[in-house]
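# Structural overview
Listed here are the chains, written in short residue letters.
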Amino acid sequence: MTSRIVVIPTRRAHSNHAEVARSIGIDIIAGRYAEGTRLPGDAEMIAMFGVSRPVLRESVKTLVAKGLLTTKARVGTVVRERAAWNMFDADVLAWHLDAGIDKRFLNDLAEIRLAVEPRAAMLAAAQRSEEDLAELRRSMERMRLEASDSVGFADADLALHVAVARASGNLFMRSIGHVIEAALRASFLLSAPVELEDRDTVLLWHQKIVDAIAARDAEAASEAMIFVIHNGMHRHEGTVIETAPASVESGEGS
């Protein structure tokens with residue numbers, strides 16, 4: 001089954017080798033060069049891009065470092081399996097947005113969020129400062145003021161999640177938040193709560209995250225974060241969660 005693909009344009013590369021690496025990288029991610037495929041020879045690639053051999057070699061070296069390619073003697077340059085790609089590399093993430101993100105990408109993103117963000121919310125409840133709370137409340141207020149399908153709403157949503165990661169006090173969680181920022185923003189744009197009832201649900205559960213962190217209730221903060229992420233996943237699929245899962249309603253752990 002073919003998934004719906006949405007293209008989110010990102011930044012352009014500024015140097016010749018970076019632009020060539022970007023072009024090849026997008027072709028790999030979009031499937032124009034399948035896993036295990038050997039790239040065309042140097043002469044053909046040089047003619048294709050109109051660059052020198054050193055520029056092409058530097059581009060290939062960049063893609064090897066990011067896990068997209070491997071070079072083998074007497075074989076050539078071969079596309080590596082998707083599992084080898086460095087998905088935390090800012091360029092690789094950006095190229096996914098350029099190539100077009102589909103349901104698989106969004107599900108993978110949601111899974112890593114479920115592995116990190118509920119724990120970040122728990123830590124934030126214990127570690128947060130008054131400055132952290134002020135930032136969370138500012139982001140919440142921005143969400144309330146912006147139209148649900150606007151870039152402003154997605155940016156405010158993103159700011160709130162980044163603020164939770166920052167409030168956790170864990171440098172790794174903060175770094176992950178910043179690395180996947182562009183992907184999160186794209187995800188939030190695609191899962192915008194257009195219907196009024198859906199918007200109310202989104203605002204309610206984001207507010208629950210903020211309130212639980214303010215009250216230093218780690219369990220409630222984690223449960224609210226889990227609900228928010230799952231609700232976003234269902235909106236990507238066209239189905240909105242309107243009530244909390246049993247674990248949240250009953251206060252039981254996930």
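Structure first, text after, so check above.
Quick summary incoming for the structure in this document. (Residues numbered from 1 in each chain as written. Predicted model: local features only at pLDDT ≥ 70, side-chain atom pairs only at ≥ 80, totals over all residues. Heavy atoms only, no water.)

This part covers the nonpolar core. Ranked by size, the top nonpolar core spans 31 residues in total, and within it L136, M143, L160, V164, I209 and I213 carry the most contacts. Listed by contribution, the elements that provide at least two residues to this core are helix 5 (103-127), helix 6 (130-145), helix 7 (151-167), helix 10 (196-214) and helix 11 (218-236). Discounting residues that sit within four places of it in the chain, M143 has contacts with F153, A156, D157, L160, R199, V202, L203 and H206. (Core = buried A, V, L, I, M, F, W, Y, C linked by side-chain atoms within 4.5 Å. Buried < 20%, exposed > 50% of the residue type's maximum accessible area, 1.4 Å probe, protein only. Helix = DSSP H or I, 4+ residues; strand = E, 2+ residues; numbered from the N terminus. Contact = heavy atoms within 4.5 Å.)

A separate point is the side chain of H161. Relative to the assigned elements, H161 resides in helix 7. Given the relative accessible area of 5%, H161 is considered buried. A polar atom in the side chain of H161 sits 2.7 Å from the side chain of E117. When neighbours within four sequence positions are excluded, H161 is seen to be in contact with R113, E117, F188, H206, M225 and V228. (Polar contact = N/O pair within 3.5 Å; in protein donor to acceptor, adjacent residues only side chain to side chain.)

This part covers the packing of aromatic side chains. The final tally for this structure, using the stated rule, is one aromatic pair. Ring centres of W205 and F227 lie 4.3 Å apart, and the angle between their planes is 40°; this geometry places the pair in the tilted category. Separated by 22 residues along the polypeptide, W205 in helix 10 and F227 in helix 11 bring together distant segments of the chain. Of the two residues examined, W205 and F227, each falls in the buried class. Above the ring of W205, the side-chain terminus of K208 is found at 4.9 Å from the ring centroid. (Phe/Tyr/Trp six-rings, centres within 6.5 Å; stacked < 30°, edge-to-face > 60°. Lys NZ or Arg CZ within 6 Å of the ring centre and 35° of its normal.)

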